[in-house]
Each structure stands twice: as C-alpha cells, then as structure tokens.
Amino acid sequence: MALSRIVRLTGCGLPEPLVLLCRLLALAILLSNHVMQIQTPFLPFVPGLDELPGEAVQFALRAALVIGCLGILFTKRTRLFAAIAGGAILLAVLSSRTYYGNNKTFTGLMLLLAALSAKDAKLLRWQFALVYFGAGLNKLLDADWQSGQFFEHWASVRLENPFYLWLSPKLPPLVAGKLFCWTSIVTELSIAALALIPSQSTKVIWLGGLFQCGLLLFTGDPFNLFFMAMQAGLLAFANWPAKPILVIWDGSCGFCKRTKEFVERFDADGLYDWRKLQSGAGDAYGLTRDALKRALHAVSERWVLSGYSAIRRMVLYLPLFWMLWLAAFALSPNAISRRVVVAAALLLLTPLSNPFGNAIYGWVARHRHELLSGETCDMD
Amino acid sequence: MRYAGIGLLLLQLAAIVRGRISEDRYFCWAPFDRQTRYSIGVTVGGEPLSGEQVRQRYRRAAVGVDNRSEHHIFDIIRRAEQRLDLPARGRVTVAYSMNGHPERVWRYPE
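The rules behind these values
Residues numbered from 1 in each chain as written. Chains lettered and ligands numbered in written order. Predicted model: local features only at pLDDT ≥ 70, side-chain atom pairs only at ≥ 80, totals over all residues. Heavy atoms only, no water. Helix = DSSP H or I, 4+ residues; strand = E, 2+ residues; numbered from the N terminus. Buried < 20%, exposed > 50% of the residue type's maximum accessible area, 1.4 Å probe, protein only. Contact = heavy atoms within 4.5 Å. Buried area = accessible area lost by both parts, 1.4 Å probe. Salt bridge = Lys/Arg side-chain N within 4 Å of Asp/Glu carboxyl O. Nonpolar A, V, L, I, M, F, W, Y, C, P; charged D, E, K, R; others polar. Pairing = 2+ DSSP bridges. Axes fitted to C-alpha atoms, helices over the stretch in contact; angles between N-to-C directions. Disulfide = S-S within 2.5 Å. Patch = residues over 30% accessible without salt bridge, like charges linked within 9 Å, V, L, I, M, F, W, Y side chains within 5 Å. Areas by Shrake-Rupley, 256 points an atom, 1.4 Å probe, with all protein chains shown as cover. Arc of directions from axis to C-beta. Parallel < 35°, antiparallel > 145°, perpendicular 65-115°, else oblique.

Chemist: In this structure, what is going on with the overall build of chain B? I would like to understand it.
Modeler: When its secondary structure is counted, chain B shows three helices and five strands. Secondary structure elements in chain B, listed N-terminal to C-terminal, are α-β-β-α-β-α-β-β. Taken over the C-alpha atoms alone, chain B extends approximately 55 × 35 × 25 Å along its principal axes. Considering chain B as a whole, with its 110 residues, one finds that 45% of them fall into the buried category.

In structure tokens form, the structure reads like this:
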C-alpha cells in the first residue's frame, strides 16, 4: 500500500512531474538526514529570530520539515506539504547565516514554488533560469574565472583531480583552467536562456542534466542537496504524456506476460495501456505483425519506439525508477559509489547504452518463449 | 498564489543585482565561485581561544575552506562580535588565501 501510494502521481492537485519533483526532493531530504543540519537561530537574516527560544525554533523547524516530507511522500496533499517543507527550509536559512547555503535555499524555493504553482511549472522554470543566470553572471564578471585561475586551483590543489592533473601540464599555463571555466560560464548562461523558452525544454533537460552529472563525476561531491535538487528540478521541464502510452506486446509469450505484470505493479497511474499484438492494436499505426513479433512497441501521441528504446522510455516514466535511483545516490557512502550511480544512469539514459541494450534485448526477444518453461500461451 | 511565487523570484532578481555592488553576495546564486582557505585566530582579553572555542563562537571551524565569498566569513565574525558585550569581544585575525592567490589578512576590529 505504501509503495502504491508513493508512486501514484495523479490526483495530488499538481501536474504529475511536479508531484514527482516534490517527492524526489522529500526523499533527498529524508535519506540524506538533512533534517539534523538545521541549527538553532544564529546571526539571522531576519532580525529577531535569534531572540526566540533557540531549541524550540530548531525543534519546530525540524518537525515541520519531517512532517512536510512525509506528507509529500504518503498523502495526496502535495501542495500543502510542499509548502510546509519548503517553508521550513527557507525559514531555517533565514534564521542562520551559518546554515545558509545555495543548495538549501534552492531546495526550499523549489518546494515552495511547486506549492504556489498553478497548472504548469512556469515558476519553477523561471527559478531554474534565475539560478543559472546568477551563477553564470557571477563567474563571467570574476577575474579568476576569466583567467582560469579558479579551476586551476580548485581542480589541482583542492580536488587533486587525476584527469585535470594529467591534462593541465600538457597545455600552456592556465589553458586547461580557462577551458573548464569558460565551458561552465557558457553552459550556465545557455541553460538560463533556454529555460525561459518553452519550446527548448528538452535541451534544458539534456544540457542541465549532463552539466550537473559531469560536475558530479569530476568532483564526486553532491554539494549537500544541490546535485539531487538540480536533477529533480529538471522535471519542471519534462513533457509528461497527456494520454496513456500504448504498449503492444506478444500475448503468446509467458515471459512477456510476467514482464507486463511486473511493470503494472509499479504503474499506479495506469500510464501504460497494454495491448496484445494479436488484437490488431498495431494496425492503426501501420505496424506489421512481423515487426511487432520481433520487438515490443510503445506508442505515444508524439513517438513510436520499439525494442530497447521502448523499454528505456517506459522506464523513464516510472516514478519508482527515479526514486530508487535517487535513494541509491543519497545513500551512497562515498565519492566512488556516487560516481558509479551517476555513471550507470547516464549509460542507461543516453545512446551510449544502445549497442549492448539492443544486443541484450534482441537475445531476450529471440529466446523469450524458452525463458519461462511451463508458461501457457494466452491467445485471446 | 502565483503572484506570491513571482514576488519570490523578483526578490532573487534584486539579490542578484545587489550581489554586483555588495561584498557579502548573499542570495545572489553564486555557488562555488570562490575557494577561500582561511585560519581564524581570536584573543579575548589577551588570551587566545582554542579551535573548539572559535568554532563555538562563530559556528565555523577555526581552520578550513569556504566555497563562497570570503566576506561571508568576515560578516559572520563581525556580527558575532558585535552582539557580545564590549569586554567579551575579541581581537580577530583571519589569514586567508582566495583561489590560490598569496595569503592576505583581515582583522577585527577593522
């Protein structure tokens, strides 16, 4: 029941991607034990907050954050609990200059803006644009970013990054630093601009996702909540299917039936409309029986995919996939395991995995009738 | 409700503009723009404070690296000292190096 509740995105008063965004942020906060980072008020941005009883304020903020996160995860009142969780983080930021941090402020704002959103994600998209604009502008006007000195010092002295230490001496002084600095500046300002253009959402997802993943792979550091909040924030740009995705499968195959039942267990919103190829479901899309027998097909309003590509796209729309991925990341004990989790996701989600994905899918498809011996055919 | 959200965004835009003219750069979305290695030394009534005492006084390690503007550190020290009674106030020296540049020193009282 709890699993079914947590992966159901419909009926929560917000568009599905925003519900998933809030749930991922709530998971990130709870699994990283961020609640314990909230301090008693100290040198607050809002005068007077440090005159309140410190322990009581700290307890109230921690309790509000836990209640807000649990409410986001396990109830349909996403808007209310996102406001509580986001408000608690922002109040904690405003109550202490030593708790203040960009990652916490961003996480709190994303939750609060989701709660304040109407039927779209414009507020969150503008928030995304503002963050990247501010970050890009600061770097653009900073002498050490212009010269490459920032990256030279950060990557070689602070991080002792093996790749940078290998590359830098092969180039003239500061050229490697300049390359990384200017790549960051151009990328951040590009994302800021693209985030303001609704038709460029896919580019924001790719550019923003790859940029943050690249940073994580380079540093191994999630910068507290920042990496997880940034990845979850990309859901504000996601194009969620308005109608169920038609999945055409081989009804004569026991293995396929088991696979369908397994996926259906986690498809609480009924996003996939499974139809047997024997029912003639592919005819309307010009899909031949031979093609449908060779591979599973997934059909939405905007695309038709088959085989490994179809499976991959279906996984992308399963909330459980993202929750498990984020949980694996949040619970990663060190930089190496974090890099592995991110690299695995990149491999799965990008065309890099096509060669072996297609090979494995092809083998399974060819041997599907042998994989579950004793299964009976279902030919209705 | 949407207007409240727009108000929040406008406040941040103002903070980004303010970040161009202020040194502390709070709320202007400047993550990891600087790497400041620092060491805080404090004496109160001529007696030096231990690293743990410094941490309790400013909620910040006496020696460490900050990934934001060095003025965040100065601002916290300044404000923490100013809220103490005059006899309890310390004389503070912060030796810091930003992005690998030669070390500099900041003192309080300034």
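Chemist: Can you help me understand the interface of chain A and chain B in this one?
Modeler: Accessible area lost when the parts come together is the quantity often used to give the size of an interface. Between chain A and chain B, the contact holds 47 residues from the first and 37 residues from the second. Surface buried jointly by chain A and chain B totals about 3900 Å² across both partners, of which 63% is contributed by carbon and sulfur atoms. For the chain A face of the interface with chain B, the top three residues by lost area are A:Arg97, A:Tyr100 and A:Asn138, together amounting to 17%. If you look at where chain A meets chain B, you find five salt bridges. Among the ionic pairs, A:Asp120 bridges to B:Arg2, the shortest N-O distance being 3.6 Å. Listing elements by their share of the side of chain A that touches chain B, those giving two or more residues are α4 (78-95), α5 (102-116), α6 (122-140), α7 (143-147) and α8 (149-158) of chain A. Considering each element in turn, the side of chain A that touches chain B owes the most residues, twelve residues, to α6(A). For the side of chain A that touches chain B, a count of residues per class yields 26 nonpolar, twelve polar and nine charged.

Chemist: What should I look at first to understand the sheet that holds strand β1 (residues 245-249) of chain A in this one?
Modeler: Consider a sheet: its strands pair through backbone hydrogen bonds, and that pairing is either parallel or antiparallel. Residues and elements named next belong to chain A. Strand order in this open sheet of four strands is β2-β1-β3-β4, and the pairing throughout is mixed. Edge positions in the open sheet fall to β2 (272-276) and β4 (304-306), since each of these has one partner strand only. Between one strand axis and the next, the sheet turns through 20° on average, direction left out of account. Pairing analysis gives three bridges linking β1 to strand β3 (residues 297-299), with the strands arranged antiparallel. By the bridge assignment for β3, Val247 is matched with Ala298. The strands touched by helix α13 (residues 254-266) within the sheet are β1 and β2, with β2 carrying the most contacts at an inclination of about 165°.

Chemist: For this particular structure, what's the right way to read the state of the cysteines?
Modeler: Covalent bonding between the sulfur atoms of two cysteines defines a disulfide. Residues and elements named next belong to chain A. This model, assessed by the stated rule, comprises one disulfide over all chains. Residue pairing for Cys253: its cysteine sulfur links by disulfide to Cys256, the two sulfurs lying 2.4 Å apart. Handedness here is read from the sign of the S-S torsion; for Cys253 and Cys256, about 90°, the answer is right-handed. By the burial criterion, Cys253 is buried, and Cys256 matches it. The thiol of Cys22 is not disulfide-bonded; the next cysteine sulfur, from Cys12, is found 9.7 Å away.

Chemist: Help me understand the side chain of A:Gln212 in this model?
Modeler: Tracing the backbone shows A:Gln212 in helix α11 (residues 201-219). Discounting chain neighbours no more than four positions away, the residues touching A:Gln212 are A:Tyr132, A:Phe226, A:Phe227, A:Met230 and A:Gln231.

Chemist: In this structure, what is going on with a nonpolar patch on the surface? I would like to understand it.
Modeler: Taken together, A:Leu347, A:Leu352, A:Phe356 and A:Ile360 make up a surface patch of nonpolar side chains, about 400 Å² in accessible area. Take A:Leu352: it is sitting in the loop between α17 (335-349) and α18 (354-366).

Chemist: What exactly am I supposed to notice about helix α2 (residues 51-58) of chain B here?
Modeler: One turn of an α-helix holds 3.6 residues; hence residues three or four places apart share an orientation. Residue and element names in this part refer to chain B. Buried within α2 are the following residues: Val54, Arg57 and Tyr58. All buried residues of α2 fall inside an arc of 75° around its axis, so they share one side. Against β1 (36-44), α3 (70-82) and β4 (91-98) lie the buried residues of α2. Looking one or two places after α2, you find Arg59, whose phi comes out positive at around 55°.

Chemist: Can you help me understand the packing of α6(A) against helix α1 (residues 2-19) of chain B in this one?
Modeler: Two quantities define a packed helix pair, namely the angle between the helix axes and the distance between the axes. Remark: α6(A) packs on α1(B), axes separated minimally by 11 Å, with the N-to-C direction vectors making an angle of 5°. Classified by the angle their axes make, α6(A) and α1(B) are roughly parallel. Residues A:Lys122, A:Leu123, A:Trp126, A:Gln127, A:Leu130, A:Phe133, A:Gly134 and A:Leu137 of α6(A) lie in contact with α1(B), whose contacting residues are B:Arg2, B:Gly5, B:Ile6, B:Leu9, B:Gln12, B:Leu13 and B:Ile16. Along the lines of polarity and charge, the residues of the contact of α6(A) with α1(B) split into nine nonpolar, four polar and two charged.

Chemist: What am I meant to see in the side chain of A:Thr78 here?
Modeler: Residues and elements named next belong to chain A. Locating Thr78 in the fold gives a position in helix α4. What makes Thr78 buried here is its relative accessible area of 0%. Apart from residues lying up to four places away in sequence, Thr78 is in contact with Cys12, Leu14, Val19, Cys22, Arg23 and Ile72.

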